[in-house]
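One-letter residues, chain by chain:
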Amino acid sequence: MTTAILPSAAAMSATAPAPAPSASDTRPPRGVLPGFGISLGFTLSYLSLLVLIPLAALFLRVAGLGPAGIWHELGSPRVLHALGLSFGGALAAAAINSVFGTLIAWTFVRYEFPLKKIFHAMIDLPFALPTAVAGIALTALYSEHGWLGAPLAQLGIKVAYTPLGVIIAMVFIGLPFVVRTLEPVLEEFEPQFEEVAATLGASRRQTIARVIFPTLVPALLTGTALAFARAVGEYGSIIFIAGNLQNISEIAPLLIMIRLDEFNYGGATVIAAAMLILSFAILFGINVLQAWSRRHG
Amino acid sequence: MARRYRSALSDPAAARWLLIAVTLGFLGVFLLLPLVIVFVQAFLQGVGTYWRAAGRRRHARRDSSDLADRCDRGAAQYVVRRRRGMDGREVRISRQESA
């Protein structure tokens with residue numbers, strides 16, 4: 001039932017296949033759109049200048065260290081812990097954001113309530129606020145004498161200078177990604193589909209779970225992936241609230257900075273390369289999941 | 001008895017208000033409070049301090065480390081240490097300030 005009435009998201013993602021060349025045609029097969037060569041050339045050179053060449057230089061530097069050097073850096077408990085905290089924290093924050101971001105996007109699109117416009121405009125604040133300011137504000141809020149930190153400390157929950165604080169900062173900076181990617185999809189969702197579901201006897205819960213939610217999944221995965229990627233690489237807003245205790249709340253990007261401070265460029269590049277590979281693997285996995293959800297949504 | 005029909009497109013009032021409450025609560029804790037605390041901290045020592053800090057870079061820098069100091073001494077020391085270590089010019093300014 002659901003596949004038949006999937007609206008825009010699935011339809012938009014399907015790209016038109018190039019027409020098959022006819023057997024009598026002696027020229028090489030060409031797509032209907034002109035300018036393939038120049039646009040591919042432009043794309044590749046642009047991508048090379050901005051992304052591929054810097055990354056290649058990074059990996060070249062790492063390769064220069066040799067397996068022993070790489071293992072010496074990566075095998076240290078401090079590095080492993082920092083990588084674990086960055087990726088584990090980012091995954092946790094992305095998961096929290098995916099749940100609350102969906103609820104928030106739904107509320108903003110579907111319901112009316114007082115001060116909605118002001119709250120709606122506030123969503124983008126984590127983008128606009130300098131990350132250091134965000135970090136100081138969160139630290140002031142969650143430190144043991146802070147407005148939220150004091151009551152939480154009485155409950156025995158310590159937030160500032162613990163991994164929990166790192167996750168809080170990651171949630172803060174990742175939220176807009178999920179909300180802003182979901183909103184347009186929810187706005188474009190045609191009410192007819194819900195009405196059809198209702199006339200076919202679906203309860204409201206069934207309509208939401210089997211008609212509305214599947215159309216949201218690709219956008220939700222995109223938003224979650226963006227929130228995750230931002231959280232993994234985030235530095236400014238985390239280092240204040242994290243307190244940066246070795247093997248407790250030290251994140252990998254900070255460890256890279258520390259290695260650079262020590263003029264240990266090799267060590268810094270090894271951690272950076274490990275982060276890149278891990279991020280790429282996770283983002284690739286999310287992309288595969290997204291493609292799968294589009295086919296089976 | 002006429003039965004009241006509910007639109008197929010709307011959610012029960014209870015669910016609606018619950019979602020609105022969750023939204024406002026989450027945004028309040030994660031976005032509004034950090035924003036409010038920035039302003040509270042900025043004006044904590046009065047408008048005069050704020051204007052002096054906003055007008056002069058040296059004071060602005062010192063006040064920002066004061067702010068971190070109020071959050072926690074350890075974190076502030078870490079930040080100051082880090083800053084001094086990284087930039088030679090900063091060390092000079094810091095010494096002038098302490099002199």
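### Describing the overall build of chain B
Okay, step 1: Scanning chain B from N- to C-terminus turns up five helices and zero strands.
Okay, step 2: Ordered by position in the sequence, the α and β elements of chain B form the string α-α-α-α-α.
Okay, step 3: Here chain B holds 99 residues, and the buried ones make up 16% of them.

### Some remarks on the packing of helix H4 (residues 77–110) of chain A against helix H13 (residues 252–261) of chain A
All names here are of chain A.
Okay, step 1: The geometry of H4 relative to H13 is characterised by a closest axis approach of 8 Å and an angle of 140° between their N-to-C directions. Compared by their axis directions, H4 and H13 come out oblique. For the pair H4 and H13, the contacting residues are Val79, Ala82, Leu83 and Ser86 in the first and Ala252, Pro253 and Leu255 in the second.
Okay, step 2: Looking at the contact of H4 with H13, its residues break down into six nonpolar, one polar and no charged.

### Brief notes about unusual backbone geometry
Residue and element names in this part refer to chain A.
Okay, step 1: Phi is positive for asparagine 244, which is not a glycine, with a value near 55°.
Okay, step 2: Structurally, asparagine 244 can be placed in the loop between helix H12 (236–242) and H13.
Okay, step 3: Judged by local crowding, asparagine 244 falls into the buried class, with 23 C-beta atoms found within 10 Å.
Okay, step 4: Located in the positive-phi region is asparagine 247, a residue other than glycine, with phi close to 65°.
Okay, step 5: Relative to the elements of secondary structure, asparagine 247 occurs in the loop between H12 and H13.
Okay, step 6: The class of asparagine 247 is exposed, set by 11 C-beta atoms lying within 10 Å.

### Details of the environment of Gly266(A)
Residue and element names in this part refer to chain A.
Okay, step 1: By secondary structure assignment, the location of glycine 266 is in helix H14 (residues 265–296).
Okay, step 2: Glycine 266 gets classed as partly exposed once you count the C-beta atoms within 10 Å, which come to 17.
Okay, step 3: Setting aside chain neighbours within four positions, we find glycine 266 in contact with Leu65 and Gly69.

### As for the environment of Phe30(B)
Residues and elements named next belong to chain B.
Okay, step 1: Structurally, phenylalanine 30 can be placed in helix H1 (residues 13–42).
Okay, step 2: On the basis of neighbour counts, which here come to 21 C-beta atoms within 10 Å, the residue phenylalanine 30 falls in the buried class.
Okay, step 3: Between the C-alpha atoms of phenylalanine 30 and alanine 42, which are twelve residues apart in sequence, the distance is 19 Å.

### Focus on the environment of Ile38(A)
Residue and element names in this part refer to chain A.
Okay, step 1: With respect to the secondary-structure elements, isoleucine 38 resides in helix H3 (residues 36–74).
Okay, step 2: For isoleucine 38, a count of 9 C-beta atoms within 10 Å corresponds to the exposed category.
Okay, step 3: In this structure, the C-alpha to C-alpha distance between isoleucine 38 and leucine 83, residues 45 residues apart in sequence, is 41 Å.

### Some remarks on the nonpolar core
Okay, step 1: Counting residues in hydrophobic clusters, the biggest one holds 72 residues, and the most contacted among them are Met170(A) and Ile271(A).
Okay, step 2: Looking at this core, the elements with two or more residues in it are H4, helix H7 (131–142), helix H9 (163–188), helix H11 (204–233), H12, H13 and H14 of chain A together with H1 of chain B.
Okay, step 3: Among the elements that line this core, the one with the most residues is H9(A), at 14 residues.
Okay, step 4: Look past the residues within four positions of Ile271(A) in its chain and what remains in contact with it is Glu73(A), Val79(A), Ala252(A), Leu255(A), Ile256(A) and Arg259(A).

### What to know about the confidence of the model for chain B
Okay, step 1: Here chain B averages 66 in pLDDT, and 47% of its residues register 70 or above.
Okay, step 2: Here helix H5 (residues 88–98) of chain B stands out as the element of chain B with the lowest mean pLDDT, 38, in contrast to H1(B), whose mean of 89 is the highest.

### A word on the interface of chain A and chain B
Okay, step 1: Every contact between the two is made by 34 residues of chain A and, on the other side, 29 residues of chain B.
Okay, step 2: Elements that contribute at least two residues to the side of chain A that touches chain B include exactly H4, helix H5 (116–122), H7, H9 and helix H10 (191–199) of chain A.
Okay, step 3: Sorting elements by how many residues they give to the side of chain A that touches chain B places H7(A) first, with eight residues.

Definitions and cut-offs
Residues numbered from 1 in each chain as written. Chains lettered and ligands numbered in written order. Predicted model: local features only at pLDDT ≥ 70, side-chain atom pairs only at ≥ 80, totals over all residues. Helix = DSSP H or I, 4+ residues; strand = E, 2+ residues; numbered from the N terminus. Buried ≥ 20, exposed ≤ 12 C-beta atoms within 10 Å, placed from the backbone. Axes fitted to C-alpha atoms, helices over the stretch in contact; angles between N-to-C directions. Parallel < 35°, antiparallel > 145°, perpendicular 65-115°, else oblique. Contact = placed C-beta atoms within 7 Å. Nonpolar A, V, L, I, M, F, W, Y, C, P; charged D, E, K, R; others polar. Core = buried A, V, L, I, M, F, W, Y, C linked by C-beta atoms within 7 Å. pLDDT = per-residue confidence, 0-100.

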